[in-house]
Amino acid sequence: MFIDPHAHMISRTTDDYEAMAKAGVVAVIEPAFWIGQARTNVGSYRDYLSHILGFERFRAGQFGVRHYCCIGLNSKEANNEELAEAVMDILPGFATKEGVVAIGEIGYDEQTALEDKYFRLQLDLARDLDLPVMIHTPHRDKKRGASRSMDVILEHKLDPSRVVIDHVNEETIQEVKDRGFWAAFSIYPHSKMTAERMAALVKTYGAERLIADSACDWGVSDPLSVPKTAKLMADSGISAEDVRLVTYANALAVYGKSGQMAEADWLSPEPIDQRTLYQGNTVLRGGQTPRMPQSGSGNE
Ligand SMILES: [Zn+2]
């Protein structure tokens, strides 16, 4: 069993869900993020958050994958102050909905003053709601951005054992571990981190508080990164228990602190019935035969 704790499934196809379920991915976490172009008003943000919490959760379930969310204002759009103010007003209402396991992904992009302002406000929100936090570390000036994120989190009195620093690499892992945070690694086909480098890091640092994710989205990315990384780690001599920690149990341990995610969700799920509707809509197209509990193709 695997958990992919960072996957923008709203950008993926049903083939991806089927392949993930087949490869053993039982649950995904969808962090609220930038969608490739800037939203121009709070209405589109509201619809996006409703979509990932509503139809996307339903769609995942129809293919046998449990779906959870992180809710937040991303750093890129924090730079549009009018939008950011309006989004901050609606975030508490979304962050307290069923299936929300963290505030995220939040943090710095270009490390501007507005990014800093809304990052801090959202850390306060996470503390008020007693939710874990998922931190996006910047691609440019990563080391300084990661250090600064951790400084600000501690300044805002959050417990590092409830905070995941994501997109970590060789440059940032030591500080993340030393300061007591969880370190997540986005395993990408071409950038960020590869499965080979991840295996080397587990050998050097151990599996404690390390997490692999795919960060799959609308760009070149691989929704099977987590099971592929698990296989590569096992083949390279890493113990089955350490593989389990990095690709399953650590993500469950930290995001389970939300009280919204538990093993029972996928160990004893409702049987798949593709005749089910979401607000009157189905995942099926005309002429398709639905998967049903008695058809034997369910999530046994
Ligand atoms: Zn992301």
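Residues numbered from 1 in each chain as written. Predicted model: local features only at pLDDT ≥ 70, side-chain atom pairs only at ≥ 80, totals over all residues. Heavy atoms only, no water.

If you look the protein chain up in an unreviewed UniProt entry, it shows as Hydrolase TatD from Hyphomicrobium nitrativorans NL23. Note on the protein chain: under the UniProt heading Sequence similarities (unreviewed entry), the record states "Belongs to the metallo-dependent hydrolases superfamily." (UniProt positions renumbered as here; feature names shortened; annotations may be inferred.)

Novice: If you had to explain the environment of Asp109 to someone new, which residues and values would you point to?
Specialist: Locating Asp109 in the fold gives a position in the loop between strand S4 (100-107) and helix H6 (113-129). Sequence separation between Asp109 and Trp266 is 157 residues; the distance between their C-alpha atoms is 34 Å. Setting aside anything within four residues of it in sequence, one finds Asp109 in contact with Ser75, Lys76, Glu115, Pro138 and Arg140. (Helix = DSSP H or I, 4+ residues; strand = E, 2+ residues; numbered from the N terminus. Contact = heavy atoms within 4.5 Å.)

Novice: I'd like a description of the coordination of the zinc ion, backed by residues and values.
Specialist: At 2.1 Å from the zinc ion lie its protein donor atoms, namely His6 (NE2), His8 (NE2) and Glu105 (OE). Binding-site remark: the zinc ion is held by donors from one chain whose sequence spacing is H-x1-H-x96-E. With a gap of 97 residues between them, His8 in the loop between strand S1 (2-4) and helix H1 (14-22) and Glu105 in strand S4 connect regions that are remote in the sequence. (Donors = N, O, S within 2.8 Å, 3.2 Å for Na, K, Ca; no water.)

Novice: Account for the nonpolar core, with residues named and values stated.
Specialist: Counting residues in hydrophobic clusters, the biggest one holds 95 residues, and the most contacted among them are Leu49, Ile71, Phe185, Tyr255 and Met261. No other element matches helix H11 (residues 240-255), which puts nine residues into this core. (Core = buried A, V, L, I, M, F, W, Y, C linked by side-chain atoms within 4.5 Å. Buried < 20%, exposed > 50% of the residue type's maximum accessible area, 1.4 Å probe, protein only.)

Novice: Just give me the short version of helix H7 (residues 142-155), but keep the residues and values in it.
Specialist: Taking 1.5 Å per residue, 14 residues should reach 20 Å; H7 reaches 20 Å between its end C-alpha atoms and fits that length. Among all positions of H7, only Lys142, Gly145, Ala146, Ser147, Ser149, Met150, Val152 and Ile153 are buried. Where H7 is buried, its residues touch H6, strand S5 (133-136), strand S6 (163-166) and helix H8 (173-178). Where H7 ends, the next residue or the one after it, Lys157, has phi of about 60 degrees, a positive value. (Expected span 1.5 Å × (residues − 1).)

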